[in-house]
Amino acid sequence: MIEKKGVTNIYDAIKELPGVTEAGENFMLANRNVTISLNGKVLSLTSEQMTQFLKSLPASRIDKADVMYSAPAKAHVREALINIRLRKETSNGAPLEGEGVVAYNQQHNAKFGERASILYNKGKFSLDAMFLHSHGKEYQVTEQETHHKLDDGNVYDINNEEKRSVKMFGHDYHVGAEYDFADRLSKI
C-alpha cells in the first residue's frame, strides 16, 4: 500500500492506513486516541518525541501494521492501538542493507534533512541503526486578538501579530538490537 503512496517514513505511512486521521501530531482512529507500538512494545515517549521518532524511521522497514480499535489487555493501553512490526530481515536476503535519504522542504524558508539507516541480520541476531540530521529555518506567525473590559466600563481591543524566523538544528538517532532465544515468541 505504501509503495503506491510515495511515503518515505513510518509517520506518513501511518496516516495512509484506512480509518486513521491526524489531529495535530496525534493519530485518531474512529475519533479515539491512538497509541503506537513497535514490534508489540509500547514506547515511553512523549507525543512530540514519538512523532519525531516515527518521522525518522524509513517506511521501507515496515513489515506489517496491526490496527486495533480495542487493544488487548496485555498491551496495557485503554485506547486504540496501531502496532508497527518492523522487518528483521533484509529485503534481498543479504545480511546487510542500507538506505540514505536527503530531504528538502521549502514552505517559507528552507529546511533540510539527511537520514541514513542500516539493517543487519544474521541468524537469530538483528541490528538496526538510524541517524537523522535536520537543519534550516522555520517561519512562525502568531496572531492574538483580545478584548479587555475594565471595571470602569472602558473596553480595549488589543491585536498582536508576531513573526519569527527560527533557526533549527538537530540530530536524532536510533539503535536497536534483537536476539531470538526461542523460535516462537508471543506477539500482540
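This structure is a prediction, so every number in the text was calculated from the model and none was measured.

Draft legend 1. Structural view of unusual backbone geometry. Look at Ala30: it is not a glycine, yet its phi comes out positive at around 55°. Locating Ala30 in the fold gives a position in the loop between β2 (26-29) and β3 (32-38). Note on Ala30: relative accessible area 52%, which makes it exposed. With a phi close to 50°, Asn39 is a non-glycine residue in the positive phi region. Positionally, Asn39 belongs in the loop between β3 and β4 (41-42).

Draft legend 2. Focus on the confidence of the model for the protein chain. On average, residues of the protein chain score 83 in pLDDT, and 94% of them are at 70 or above. Looking at the elements of the protein chain, mean pLDDT is at its lowest for helix α1 (residues 2-5), recorded as 72, and at its highest for helix α2 (residues 10-15), recorded as 89.

Draft legend 3. Inspection of the nonpolar core at higher detail. By size, the foremost hydrophobic cluster in this structure holds 22 residues, and its most contacted members are Ile10, Ile14, Phe27, Ile36, Leu54, Ile82 and Ile84. Of all the secondary-structure elements, those providing two or more residues to this core are α2, β2, β3, α3 (47-56) and β6 (80-86). Once you skip the residues sitting within four places of it in the chain, Ile14 turns out to touch Val20, Phe27, Ile36, Leu54, Ile82 and Ile84. Met68, Ala71, Ala75 and Val77 belong to the second largest nonpolar core, which has five residues in total.

Draft legend 4. Spotlight on the pattern of salt bridges. Within the structure shown, the criterion is met by six salt bridges. The partner of Lys15 in a salt bridge is Glu22, with the nearest N and O atoms 3.8 Å apart. With relative accessibility at 32%, the residue Lys15 sits in the partly exposed group. Taken together, the shared-partner salt bridges in this structure form one network comprising Asp12, Lys15 and Glu22.

What counts and what doesn't
- Residues numbered from 1 in each chain as written.
- Predicted model: local features only at pLDDT ≥ 70, side-chain atom pairs only at ≥ 80, totals over all residues.
- Heavy atoms only, no water.
- Helix = DSSP H or I, 4+ residues; strand = E, 2+ residues; numbered from the N terminus.
- Buried < 20%, exposed > 50% of the residue type's maximum accessible area, 1.4 Å probe, protein only.
- pLDDT = per-residue confidence, 0-100.
- Core = buried A, V, L, I, M, F, W, Y, C linked by side-chain atoms within 4.5 Å.
- Contact = heavy atoms within 4.5 Å.
- Salt bridge = Lys/Arg side-chain N within 4 Å of Asp/Glu carboxyl O.

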